[in-house]
Amino acid sequence: MQKAVPGICGGTGKGWGANMPQKNELVTLDIIDMAHDGNGVGRLDGMAVFVPASAVGDRLCVRIVKVNRTHCYGRIEQILRPSPDRIEPDCPVSRRCGGCVFRHISYEAELRCKQAFVQQNLRRIGKLELAAEPIEPSPVTDGYRNKAQYPVRMQKGGLCAGFFAPRTHEVIDCHTCKLQPPVFGELLEAVLSYMHTYHVSAYDESLGAGLIRHVYLRRGHRSGQIMVCLVVNGTHLPNENALVDLLLSRCGEIVSILLNVNERNTNVIIGEHSRVLYGKPAISDVLCGVRFELSAQSFYQVNSPGAELLYGVAAEFAALTGTETLLDLYCGAGTIGLSLAHLCRQVIGVEVVPQAVENAVANAARNGIKNARFFCADAGQAAARLAREGVRPDVIVLDPPRKGCAPEVLDAVAAMAPRRVVMVSCDSATMARDCAALAAAGYSPRRCRPVDMFPRTAHVEAVAVLSRLKSD
Ligand SMILES: C[S@@+](CC[C@H](N)C(=O)[O-])C[C@H]1O[C@@H](n2cnc3c(N)ncnc32)[C@H](O)[C@@H]1O
């Protein structure tokens, strides 16, 4: 336990003993670990204190800002002795926007944290005795995002656009983000200037009124093609031609300008229907040597050089020989399956978003890939149906959203008895849980390797492979 140090951080000097820390008290704290959301962790009488923007090795004067029964939260008042991992943060809003929780430590230190997060999840959640292989660093750590979704709101009498502050719908006004290419900031400012000129309103979620909700931008990393999609609480915008002319005058890489209609009271950003204001309904990009068409609704990994690494690890773990049937569940626009199609006999892809499936089908055709077919269905229902129909894939790739696989998906996967299951996941906690469920169903987790797809943020991707214990 660290006692408050009188004089240094203005603490009371009292020993904590069995006393609970009190809100607003100042304590001296050594940071000894990192939590999965990027907060540093210190201990007061065994009670965990979570401190944003701290680093292992820091000695801090911390103000207690929230006390719960088992843990509390603190805010740095003074750094008494800095961690050797510390660097000067290079973003003025990183603390407030909550995206880049690691801007204050070196990338090497961030990678060590992420390696430990994945390892802890395998052990604590999955109860798996599997050593995570060394993390693959991202080839790029800034400007890597190929997609941005800026909320637009009226705040304090002015137009604001940027990012939601953590756990709120308060918009942090920020037009440039180090994780995004600079052209995204220029396009956002063009939209705001159009809104000023033509008095176009921003969405007000408390009233369900106002027009522009989000500015959604996507840029093909290899192709350079840009999509500008305005998510609108309505079907039309004033002076649409002026908006198009302004955007095109600011950026020569735009191939698609869309008006996406979202009139629902929902946190889901993109609505179902889009109208083309200029160019094409989709952009294209090249990933792993395959050209992909991408609509606004289609999932596409946000860090393209990182995605090539990720898919490379998935390919290594899938160990295809050319004879296999590969089932790609949660396939998005078909990126994993199509990048592996030349290594197997056939690919079956399943995805729930219709526009992504349309993209996947078109992507197979435009790349001359004839051994891939795609279904629009819920992964659980499709897997159960394929299992009932006697489809026996040799390898199944699972790349679910953050919440992981539904139990019925894992049951159907086990019923199809593939030789190997490759799990690709952006949440190693749910991945560990799902690996444990497959282990209970007769699969042995063999390897796991983290891949850092999201530098400077708390997120990390991981790939695992499990093989069937019983061969029949
Ligand atoms: C993490 S993304 C992976 C997509 C693709 N494998 C890739 O790397 O681009 C997860 C995908 O699962 C889809 N999805 C979410 N829930 C689903 C469900 N219940 N059934 C099928 N697909 C689902 C999402 O639309 C998204 O495309």
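Residues numbered from 1 in each chain as written. Predicted model: local features only at pLDDT ≥ 70, side-chain atom pairs only at ≥ 80, totals over all residues. Heavy atoms only, no water.

### Some thoughts on the UniProt feature "active site" (unreviewed entry) in the protein
Inference 1: Sites flagged by UniProt as "active site" (unreviewed entry) map to Cys426.
Inference 2: Following the sequence through the fold, Cys426 ends up in the loop between β20 (420-425) and α10 (428-440).
Inference 3: The buried category is assigned to Cys426, whose relative accessible area is 16%.
Inference 4: Those residues within four positions of Cys426 in sequence are excluded, and the remaining contacts are Pro401, Arg402, Phe454, Val460 and Glu461. (UniProt positions renumbered as here; feature names shortened; annotations may be inferred. Helix = DSSP H or I, 4+ residues; strand = E, 2+ residues; numbered from the N terminus. Buried < 20%, exposed > 50% of the residue type's maximum accessible area, 1.4 Å probe, protein only. Contact = heavy atoms within 4.5 Å.)

### A few points about the domain arrangement of the protein
Inference 1: The domain boundaries assigned to the protein delineate domain 1 (25-86), domain 2 (114-139 + 303-468) and domain 3 (147-295).
Inference 2: Both sides of the domain 1 and domain 2 interface together cover about 380 Å² of buried area, and 53% of this is carbon and sulfur.
Inference 3: Looking only at domain 1, the three residues that lose the most surface to domain 2 are Asp33, Met34 and His36, adding up to 86% of its buried area.
Inference 4: Summed over the shared surface of domain 1 and domain 2, the result is zero salt bridges.
Inference 5: For the side of domain 1 that touches domain 2, a count of residues per class yields two nonpolar, two polar and two charged. (Domains from an automatic or database assignment. Buried area = accessible area lost by both parts, 1.4 Å probe. Salt bridge = Lys/Arg side-chain N within 4 Å of Asp/Glu carboxyl O. Nonpolar A, V, L, I, M, F, W, Y, C, P; charged D, E, K, R; others polar.)

### Here's the deal with unusual backbone geometry
Inference 1: Although it is not a glycine, Ala319 sits at a positive phi angle of roughly 45°.
Inference 2: Positionally, Ala319 belongs in the loop between α5 (304-318) and β16 (325-329).
Inference 3: Positive phi, close to 75°, is recorded for Arg456, a residue that is not glycine.
Inference 4: Among the structural elements, Arg456 can be located in the loop between β21 (443-451) and β22 (461-468).

### A word on the nonpolar core
One broad rule of soluble globular proteins: the nonpolar side chains tend to lie buried together.
Inference 1: Membership of the largest hydrophobic core comes to 93 residues, with the highest contact counts inside it found for Met195, Ile212, Leu237 and Val422.
Inference 2: When residues of this core are assigned to their parent elements, the largest contribution, nine residues, is made by helix α3 (residues 182-197).
Inference 3: When residues of this core are assigned to domains, at least three fall in each of domain 2 (114-139 + 303-468) and domain 3 (147-295).
Inference 4: Those residues in contact with Ile212 that lie beyond four places of it in its chain are Val152, Val191, Tyr194, Met195, Val200, Ser201, Ala202, Tyr203, Leu230, Val231 and Leu237.
Inference 5: Listed in part, the 40 residues of the second largest apolar core include Ile348, Val413, Met416 and Ala462. (Core = buried A, V, L, I, M, F, W, Y, C linked by side-chain atoms within 4.5 Å.)

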